[in-house]
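A closer look at the structure
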Amino acid sequence: MSPSHGSQPALLAAEAIRAARERDGGGAATPRAGVAAQADPAAPAEATARSGPTSRMTMVQALRSAMDVMLGRDDNVVVFGQDVGDFGGVFRATEGLQAKYGRSRVFDAPISEGGIVGAAVGMSAYGLRPVVEIQFADYFYPASDQIVSEAARLRYRSVNEFTAQMVIRMPCGGGIYGGQTHSQSPEALFTHVCGLRTVMPSNPYDAKGLLIASIENDDPVIFLEPKRLYNGPFDGHHENPVVPWSRHPLGEVPDGYYTVPLESASILRPGSELTVIAYGTMVFVAEAAAKETGIDAEIIDLRSLWPLDLDTLVTSVKKTGRCVVVHEATRTCGFGAELLSLIQENCFYHLEAPIERVTGWDTPYPHAQEWAYFPGPERVGAAFRRAMKGTRS
């Protein structure tokens, strides 16, 4: 079985990339070649990385470091998108990579999201590992058919003969006065599609480890990057000075290769009275709400939205008996509805109070009312208090 006829231009592009490498003296990459093995295969990459040299990084620098590491480890990795070459991307996440690896590995694409993702599908079917950038998550809609009908279905429709090992990076979320077309959080549209992985880091350490793991994975990965967190954690108090990642423990990032396992949630803050399920920017908003209310909340950062680390969530809720789900996206049919259902199905007899949900409103992101829309610590804290009204047995 062959890949879709729509991928033919991408196959030609892949051949051109290989030919350019040979002309540049880099040699041809072997189709479907794996990345280099770890020095100690028995040791988890995440654990061994902590013993090596580290640097203070912003999330942007951590993402760039991840792509740098993988471009150096695997000749099949290519990076492309709008302005990602010499310009280094609108947020400078690819700055310097074209100068280091050449125009056959890091290159610009036309302003065509469908063309960018479609080319990546064909390249991945041919054996490359493309990492493409959509400048803002709000712009992915023209590529919906290529993401849903091609990338997500390729392994299934070809009976595993072809895989779409590709990563689609997208800055997402609000809190930057971007208005309705630069602030959206469309994660639920991706988690609904079988065949896609959806990932959203909340800090530089996770961003690098998750991106490397995503590039190495043989499934298509939607990699959502909360742009309000690019330069520092944000607790929802927009009136306060920005806190840089250089002053946060999770801004300490290993310089070399390591991975954060996909499908693994992280407990950002242990607690005993209440479980908070959040991701992206909302994990720090929830942390601020816990501090301000004095409630001993256990805050779980999903990291991987789908597939989901359900065991970590269930264990925590069974321990605390209370649950609050927080996300920035619109409420109706948001990913929080799925999380709420899963907790209800798996923890019903352990719940001491109704599950609370704090989200954005069911409106376009309003530029003039940014902080009325954004779920801040006041709204999240109010949900904490409502959840605590139940009486523990």
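As a starting point, this report considers the structure included with it. The structure displayed is predicted, hence computed values, not measured ones. (Residues numbered from 1 in each chain as written. Predicted model: local features only at pLDDT ≥ 70, side-chain atom pairs only at ≥ 80, totals over all residues. Heavy atoms only, no water.)

**A look at the environment of Leu-71**
You can see Leu-71 is positioned in helix H3 (residues 59-73). Put simply, Leu-71 and Arg-129 are 58 residues apart on the chain and 9.8 Å apart in space, counted from C-alpha to C-alpha. Those residues in contact with Leu-71 that lie beyond four places of it in its chain are Val-77, Val-78, Val-79, Leu-97, Tyr-101, Arg-105 and Val-106. (Helix = DSSP H or I, 4+ residues; strand = E, 2+ residues; numbered from the N terminus. Contact = heavy atoms within 4.5 Å.)

**Focus: the pattern of salt bridges**
On inspection of all chains with the given rule, the structure shows 16 salt bridges. Between Arg-129 and Asp-74 there is a salt bridge whose closest N-O contact spans 4.0 Å. Of the two residues, Arg-129 is situated in strand E4 (residues 129-133) and Asp-74 in the loop between H3 and strand E2 (77-81); the sequence distance between them amounts to 55 residues. If you follow the salt bridges from partner to partner, you end up with Arg-155, Arg-197, Asp-219 and Glu-263 in one network. (Salt bridge = Lys/Arg side-chain N within 4 Å of Asp/Glu carboxyl O.)

**Some remarks on the nonpolar core**
Counting residues in each nonpolar core, the largest one holds 60 residues, and the members touching the most others are Leu-211, Leu-274, Val-276, Val-324, Val-326 and Phe-384. Sequence-distant contacts of Val-276, defined by excluding residues within four places in its chain, comprise Ala-286, Ala-297, Glu-298, Ile-299, Ile-300, Val-324, Val-326 and Phe-384. Counting residues in each nonpolar core, the second largest holds 52 residues, with Ala-109, Met-123, Cys-172 and Val-317 among its members. (Core = buried A, V, L, I, M, F, W, Y, C linked by side-chain atoms within 4.5 Å. Buried < 20%, exposed > 50% of the residue type's maximum accessible area, 1.4 Å probe, protein only.)

**Comments concerning the packing of aromatic side chains**
Applying the stated rule across the entire model yields 16 aromatic pairs. Ring centres 5.5 Å apart and planes at 65 degrees place the aromatic pair Phe-136 and Tyr-139 in the edge-to-face group. Note on Tyr-139: relative accessible area 25%, which makes it partly exposed. When the ring of Tyr-279 is compared with that of Phe-335, the centres are 6.2 Å apart and the planes differ by 70 degrees; the resulting orientation is edge-to-face. (Phe/Tyr/Trp six-rings, centres within 6.5 Å; stacked < 30°, edge-to-face > 60°.)

**So, the packing of helix H5 (residues 113-126) against helix H6 (residues 144-151)**
Axis angle and axis distance: for two packed helices, these are the angle between their axes and the distance between the axes, and together they describe the pair. Their axes nearest at 8 Å, the elements H5 and H6 cross at an angle of 20 degrees. One way to sum up the angle between H5 and H6 is to call them roughly parallel. Residue-level contacts link Gly-114, Val-117, Gly-118 and Val-121 of H5 to Gln-146, Ile-147, Glu-150 and Ala-151 of H6. Its residues placed into classes, the contact of H5 with H6 shows four nonpolar, three polar and one charged. (Axes fitted to C-alpha atoms, helices over the stretch in contact; angles between N-to-C directions. Parallel < 35°, antiparallel > 145°, perpendicular 65-115°, else oblique. Nonpolar A, V, L, I, M, F, W, Y, C, P; charged D, E, K, R; others polar.)

**Examining the environment of Leu-302**
Topologically, Leu-302 is positioned in the loop between strand E11 (297-301) and strand E12 (304-306). The exposure class of Leu-302 is buried, given its relative accessible area of 1%. As a C-alpha pair, Leu-302 and Gly-280 span 22 residues in sequence and 8.4 Å in three-dimensional space. With residues up to four places along the chain from it excluded, the contact list for Leu-302 reads Ser-264, Ala-265, Ile-277, Ala-278, Tyr-279, Leu-308, Leu-313, Phe-335 and Leu-339.

**Details of helix H14 (residues 377-387)**
Looking only at H14, the buried set comprises Pro-377, Val-380, Gly-381, Ala-383, Phe-384 and Ala-387. The arc that holds every buried residue of H14, seen down its axis, measures 155 degrees, which confines them to one face. Buried residues along H14 sit against strand E10 (274-278), helix H10 (282-293), E11, strand E13 (323-330) and strand E14 (356-360). (Arc of directions from axis to C-beta.)

**Some remarks on the pairing of E13**
The buried fraction of E13 amounts to seven of the eight residues, a majority that puts the element mostly inside the structure. As defined by bridge partners, E10 adjoins E13 across three bridges and the pair is classed as parallel. Pairing of Val-276 across the sheet is with Val-324, part of E13. As judged from the four bridges shared by E13 and E14, these two strands associate in the parallel manner. (Pairing = 2+ DSSP bridges.)

**Examining the sheet that holds strand E7 (residues 221-226)**
If you trace the seven strands from one edge of the open sheet to the other, you get E3-E2-E4-E5-E7-E6-E12, paired in mixed fashion. In the strand order of this sheet, the two ends are held by strand E3 (106-108) and E12, each with one partner. Each strand axis lies, on average, 20 degrees off the axis of its neighbour in the sheet, ignoring direction. Where E2 meets E4, five bridges bridge the pair, whose relative direction is parallel. Within the sheet, the bridge partner assigned to Val-77 lies in E4 and is Arg-129.

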